[in-house]
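Chains, contacts and geometry: an overview
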Amino acid sequence: MKIGIAADHGGFELKEIIHPFLISLGYDVKDFGAFTMDKGDDYPDFVVPLSRAIASNEIERGIAICGSGVGASVAANKIIGIRAALINDHFSAHQGVEDDNLNILCLGGRVTGFMTAQELVQSFLNARFTGEERHLRRLEKVHQLEIK
Ligand code: RB5
């Protein structure tokens, strides 16, 4: 699975830990930046290119990190085809994929510890959308909002 990762300065430190962790798990990882710690950078500049790459099927899933994870999720969800959520617990990390076909996991680099973040990432990436009719029906209602 090809994975994208992006972070602003608030998520930079966590991104630099999650990126090699993903590689150690065997994933093909594309880093959308930031590539240096710059307290003046802005999360949309990294999260939106990641989101567009997922929307265009260049990559399958993404990890977006800012200080809280809030701005990253707000920005990502502006892109049609993106289903992003700020995740802080194990259940939501996998159920968000199973039921809601989540394609971007957002994390708060100033909120979630490194080990917890690694477990959330693994739970998210190991999960698969069930494709059950009720979930497809609900996602279709969400998709209609994108195209109207
Ligand atoms: C940047 O200081 C911070 O606002 C950002 O990383 C994020 O937490 C926004 O939601």
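First, a word on scope: everything that follows refers to the structure included in this document. The structure displayed is predicted, hence computed values, not measured ones. (Residues numbered from 1 in each chain as written. Predicted model: local features only at pLDDT ≥ 70, side-chain atom pairs only at ≥ 80, totals over all residues. Heavy atoms only, no water.)

With that settled, the discussion passes to the overall build of the protein. Counting its regular elements, the protein contains six helices and five strands. For the protein, the N- to C-terminal ordering of α and β elements is β-α-β-α-β-α-β-α-β-α-α. At 14 Å, the protein has a C-alpha radius of gyration in line with the 15 Å of a compact globule built from 148 residues. Counting only C-alpha atoms and orienting by the principal axes, one finds that the protein spans roughly 45 × 30 × 25 Å. Every one of the 148 residues in the protein was classed for burial, and the buried ones make up 47%. Looking at the protein alone, contacts between residues at least 24 apart form 68% of all its contacts between residues at least 6 apart. Taken as a whole, the protein presents about 7,400 Å² of accessible surface, with 53% of it coming from carbon and sulfur. Averaged over its 15 positive side-chain charges, the protein has a centre that lies 6 Å from the centre of its 20 negative ones. (Helix = DSSP H or I, 4+ residues; strand = E, 2+ residues; numbered from the N terminus. Rg over C-alpha atoms; globule rule 2.2 N^0.38 Å. Buried < 20%, exposed > 50% of the residue type's maximum accessible area, 1.4 Å probe, protein only. Contact = heavy atoms within 4.5 Å. Areas by Shrake-Rupley, 256 points an atom, 1.4 Å probe, with all protein chains shown as cover. Lys, Arg positive; Asp, Glu negative; His and termini not counted. Charge placed at Lys NZ, Arg CZ, Asp CG, Glu CD.)

Turning our eyes to something else, we now look at the nonpolar core. General note: in soluble globular proteins, nonpolar side chains tend to be found buried as a group. Core analysis: the biggest nonpolar cluster contains 22 residues, and Leu22, Ile63, Leu107 and Val121 have the highest contact counts within it. When contributions to this core are tallied by element, the ones reaching two or more residues are strand S1 (2-7), helix H1 (12-24), strand S3 (61-66), helix H4 (90-100), strand S5 (104-108) and helix H5 (114-126). No other element matches H5, which puts five residues into this core. Not counting residues within four places of it along the chain, the set of residues in contact with Ile63 comprises Ile3, Gly4, Ile5, Ala6, Leu22, Leu50, Leu105, Leu107, Val121 and Phe124. (Core = buried A, V, L, I, M, F, W, Y, C linked by side-chain atoms within 4.5 Å.)

To continue, consider the site of the ligand. As a matter of local geometry, the ligand sits amid Asp8, His9, Gly10, Tyr43, Cys66, Gly67, Ser68, Val70, Gly71 and Arg110. Asp8 is positioned such that a nitrogen or oxygen atom in its side chain is 2.6 Å from an oxygen atom of the ligand. Here an oxygen atom of the ligand and a backbone polar atom of Ser68 are 2.9 Å apart. When the ligand is considered free in solution it has 300 Å² of accessible area, and contact with the protein chains removes 70% of it. The residue makeup of the shell around the ligand, split by class, is three nonpolar, five polar and two charged. (Near = heavy atom within 4 Å. Polar contact = N/O pair within 3.5 Å; in protein donor to acceptor, adjacent residues only side chain to side chain. Nonpolar A, V, L, I, M, F, W, Y, C, P; charged D, E, K, R; others polar.)

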